[in-house]
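Results of the structural survey
Spelled out from the first residue to the last, the chains are:
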Amino acid sequence: MAEAVIKLVNITKKFGPVIANSNVSMEVNKGEILALLGENGSGKTTLMNMLSGIYFPDAGEIYVNGKKAVISSPKMAFELGIGMVHQHFKLVDVLTATENIILGLEGRLNKKEAKAKIKEICDKYGFDIDPDQKIYDMSVSQKQTVEIVKVLYRGANILILDEPTAVLTPQESEKLFTVMRNMKEDGKALIIITHKMHEVESISDRVAVLRKGEYIGQMMTKDTNAAEMTNMMVGRTVSLNIRRPDPVDPKPRIQVEGLTVKTIDGITKLDNVSFTANSGEILGIAGISGCGQKELLEAIAGLQPAEKGSVVYVNDEGSKEELLGNDPRRIEELGVALSFVPEDRLGMGLVANMDLADNMMLRSFRNGKSIFTDRKSPRNLAENVVDELEVVTPAIETPVRRLSGGNVQKVLVGREIASAPTVLLTAYAVRGLDINSSYTIYDLINKQKEKGVAVIFVGEDLDVLLGLSDKILVLCGGKVSGIVDARTTDKNTVGMMMTKIMEEGGTKENESI
Amino acid sequence: MFDIVAFIPRAIVQSVPLLYGCTGEIITEKSGNLNLGIPGVMYVGGISGVIGAFAYEQACVKSGNFNSVLAVLIPLLCSLIGSLIMGLIYCYLTVSLRANQNVTGLAMTTFGVGIGNFFGGSLIKLSGADVPSIALAKTSECFARKLPFAANMGWFGKIFLNYGFLCYAAFIIAILAAVILTKTRVGLHLRAVGESPTTADAAGINVSKYKYFATCLGCMIAGLGGLYYVMDYASGVWSNDAFGDRGWLAIALVIFSIWNPLVGIFASILFGGLYIVHLYIPTGMDYMEFKELYKMIPYVVTLIVLILTSMRNKRENQPPASLGMSYFREER
């Protein structure tokens, strides 16, 4: 019989007029991995924040190991053995891994002893970190490892992982899952929040579903499937097939020739990249993260200076214009729209402290003849975006930073699409989005394609890339390792191409995958 | 000839108020509070000490006893309490009420200077002096007492031993601050609070407590700079506005010393020297019109230093990441 280590009874939490959780009751058992599912803004993170002492519930009770507990601070949560790995890492950049791990503990500072203990934890569960490395030198997955070790160092028996795989490559995710299974074997209880259904199916034992702050129900993972879970999350039947209309009258729109981009430090990010993006087609871009995707889009949008090569924009009449070295504003006028969703989501494109309408205005403030800005149309646009993309927000006047991550993203993508582009550049448009919103976005992109827009879609999920794109360009270490027809190729081929150049370089990257 | 043995001690006494201000502000900024009120705090630290000393000297005149230990302790305590109150006001406004730190800091400076000049003016009236200043010669004599054997040790004594106790305290406090910041758990936590309060909070560190504590402690240290200036440097003579712009220089020094109190020691001695270098210009070059230009040197150097320091790109040498920002846990 499973032993409940955490029991939530009628938990309610409000932020002003917004109800984040209402009457949630659920249990977490020892030695199991529970997947917490729900759409963006359904209150998963808020609920978990109450377990980790960041927020305090307005009503309801929490029982830990059968005893009633009042978790009023993160410290208390640690004492009860609850540790949370947040979606946005809580690490101090200028400190080392060790310093971050022991942060907040009492007693004399003894880094040597701490390092020994960290090593012990790493060996036990199969982590790999350098305790003396500074956080700012680390990759996203290393940072996450530090977070998990931090929690384990404090002796946590209940681990909460908030969208741990949102920023990881498939290989890194797989590594994480191995570690999670090790922890489960060790008798720890794990709660994972994720939007990726195949991950839920492969890692979790049980799923619990939240919808609009309410607890909907739970199932054993082995007895259910992706479609059923999605329906439960959304509250109605959702089709999980991505539509791929045939391109209508494709004509070259963007011609990239021998594009080479270097960073300020002289590292080559793009090496002799050439391709053509057609109107009315979706060109998918696949590659392990950091292989030059960002630089490619930025170079096209005029935000990134290039070493050599050319990017030519061809309009409907066939006349050409060189985009490289051109003013980003002129490029924008040609109809090139860039929506890039960075890891922290708010980094580019939106201003956190401004409300929805004002953020819409970032694109349109130059319009109009009067010296005063036109506030009415951005307002209308904001209302449209909220309506069409089902953005959960108390009002148009709410600052963007108050919205949950997925909703922020809908606002960004919605705005870019609304500018009626001729070329739509989008990167990680569905990063961190729940399944329903993701499909809304795919749909929007498809509509743009049908309008004759040339779409360049940088994606992480190969299944999506294969289902949505017409052609796929595979980047590997800044080089094009091939352009394939998405209709006839398969996942393995693309996966191989993503790592091809690494093999040639003689590193045995594949063994760790 | 440039008289180095005479120059160094003068540079050092000039540097002490700067060093106090700099150390205090480093500790404060490490907690993420950008206290631009430091000039005001140092002013209040000075005048509070003057008030204490004035009261004690007046009482002594009546009773006839003068105890030099009390003559030091009373102004010292008054000065610490005065600057502590300034720190508490600043913290209450910026930490508890989350007011804008820059605005609050600037207001504190205006307020502190105003308080100083108000009480200074009042005391001048009370003392009935015919010059616009108060002289606290007896108290100052206690504060500025040198090591007894300094006079017998030649140039070594002149350069290293010829100072009042507050001067040595400034250096000791700076070294202690450096050790605590880098070697202890309290220091680690404080740095975390200044870098990323969300992280610190999630790690179970009481962010508000650390901010209050560091800022108040920083203010008390800075206030001692004001006290040293009046009691030791200015030989117990308070006149309004005499403290000048040392408070602002101290804040600039924090950036110069890349938030490291040990660098702060050398930086403040350098600035102390620059502050008075115009007095040591060899004869023949010290035309009046040039003299004013020489006086500009510390400010010009400050500007150059600010430009240079903004160019370095090592992450450890950057200001605390959340400097100047208020923290509210449930803010998303």
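From a predicted model like this one, the values you see are computed outputs, not experimental measurements.

Focus: the overall build of chain B
The helix and strand inventory of chain B stands at 14 helices and 2 strands. Taken against the 2.2 N^0.38 rule, which gives 20 Å for 332 residues, the C-alpha radius of gyration of chain B at 20 Å falls within 12% of a compact globule. Dimensions of chain B, computed from C-alpha atoms along their principal axes, come out at roughly 60 × 50 × 40 Å. The proportion of buried residues among the 332 residues of chain B is 45%. Sequence-distant contacts, at least 24 apart, represent 81% of the contacts inside chain B between residues at least 6 apart.

Quick notes on unusual backbone geometry
It is generally the case that most residues other than glycine have a negative phi and that most peptide bonds are trans. The backbone phi angle of Asn10 of chain A is positive, close to 50 degrees, even though this residue is not glycine. Locating Asn10 of chain A in the fold gives a position in strand S1 (residues 4-15). Phi angles above zero are rare outside glycine, and Trp259 of chain B is one such case at about 60 degrees. Its 22 C-beta neighbours within 10 Å are what place Trp259 of chain B among the buried residues.

Focus: the domain arrangement of chain A
Residue and element names in this part refer to chain A. Examined at the domain level, chain A breaks down into domain 1 (4-234) and domain 2 (280-291 + 320-512). The straight-line distance from the C-alpha centre of domain 1 to that of domain 2 is 29 Å. Between domain 1 and domain 2, the residue contacts involve 16 residues of the former and 17 residues of the latter. The leading source of residues in the side of domain 1 that touches domain 2 is helix H8 (residues 226-234), at 3 residues.

Notes on the confidence of the model for chain A
This prediction gives chain A a mean pLDDT of 84; 95% of its residues lie at or above 70. Low pLDDT (under 50) marks residues 502-513 of chain A, which in the prediction has 6 contacts with non-local residues, meaning those over four places away or in another chain.

Considerations on the confidence of the model for chain B
Note that predicted coordinates carrying low pLDDT should not be read in detail. The predicted model of chain B averages 89 in pLDDT, with 95% of residues at 70 or higher. Overall fold confidence (pTM) sits at 0.77, and the ipTM for the predicted complex is 0.83.

Points about helix H10 (residues 207-233) of chain B
Here H10 of chain B is 27 residues long and its end C-alpha atoms lie 38 Å apart, about the 39 Å a rise of 1.5 Å per residue gives. Where H10 of chain B bends most, at Leu227 of chain B, the angle is about 25 degrees.

Considering the interface of chain A and chain B
In many reports, interface size means the accessible area that the parts give up when they come together. Each partner contributes residues to the interface: chain A has 18 residues there, and chain B has 21 residues. Counting residues per element, the side of chain A that touches chain B draws most heavily on helix H2 (residues 74-79) of chain A, which supplies 3 residues. Residues of the side of chain A that touches chain B, tallied by class, amount to 10 nonpolar, 2 polar and 6 charged.

A closer look at the packing of helix H4 (residues 111-125) of chain A against helix H5 (residues 140-153) of chain A
Residues and elements named next belong to chain A. In the contact formed by H4 and H5, the axes pass within 10 Å of each other and the chain directions differ by 110 degrees. On the basis of their axis angle, the class for H4 and H5 is roughly perpendicular. Residues Lys117, Ile118, Ile121 and Cys122 of H4 touch H5, and the partners they reach there are Val149, Leu152 and Tyr153. Among the residues making up the contact of H4 with H5, the classes are represented as 6 nonpolar, no polar and 1 charged.

Structural notes on the sheet that holds strand S8 (residues 189-193) of chain A
Residues and elements named next belong to chain A. One open sheet holds the 6 strands; their spatial order is S6-S7-S8-S3-S9-S10, and the pairing between them is mixed. In this open sheet, the two edge strands, each paired with only one partner strand, are strand S6 (82-85) and strand S10 (214-220). In this sheet, neighbouring strand axes are inclined to one another by 20 degrees on average, regardless of whether the strands run parallel or antiparallel. Where H5 meets the sheet, its contacts fall on S6 and strand S7 (158-162), and the angle it forms with S6 comes to roughly 175 degrees.

Thoughts on helix H1 (residues 4-30) of chain B
The largest bend in H1 of chain B is about 35 degrees, located at Ser15 of chain B, with the proline Pro17 of chain B one to four residues further on. Burial within H1 of chain B is extensive, with 20 of its 27 residues counted as buried.

With respect to the pairing of strand S20 (residues 479-485) of chain A
The side chains of a regular strand alternate, first on one face of the sheet and then on the other. Residue and element names in this part refer to chain A. Direction of pairing for strand S19 (residues 471-476) relative to S20: antiparallel, over a ladder of 6 bridges. Looking at the pairing, Lys471 lines up with Asp485 of S20. In this structure, the hairpin formed by S19 and S20 is closed by a connection of 2 residues, where Gly477 is found at a positive phi of approximately 55 degrees.

Conventions adopted
Residues numbered from 1 in each chain as written. Chains lettered and ligands numbered in written order. Predicted model: local features only at pLDDT ≥ 70, side-chain atom pairs only at ≥ 80, totals over all residues. Helix = DSSP H or I, 4+ residues; strand = E, 2+ residues; numbered from the N terminus. Rg over C-alpha atoms; globule rule 2.2 N^0.38 Å. Buried ≥ 20, exposed ≤ 12 C-beta atoms within 10 Å, placed from the backbone. Contact = placed C-beta atoms within 7 Å. Domains from an automatic or database assignment. pLDDT = per-residue confidence, 0-100. Expected span 1.5 Å × (residues − 1). Bend = angle between axes of the 7 residues up to and from the residue. Nonpolar A, V, L, I, M, F, W, Y, C, P; charged D, E, K, R; others polar. Axes fitted to C-alpha atoms, helices over the stretch in contact; angles between N-to-C directions. Parallel < 35°, antiparallel > 145°, perpendicular 65-115°, else oblique. Pairing = 2+ DSSP bridges.

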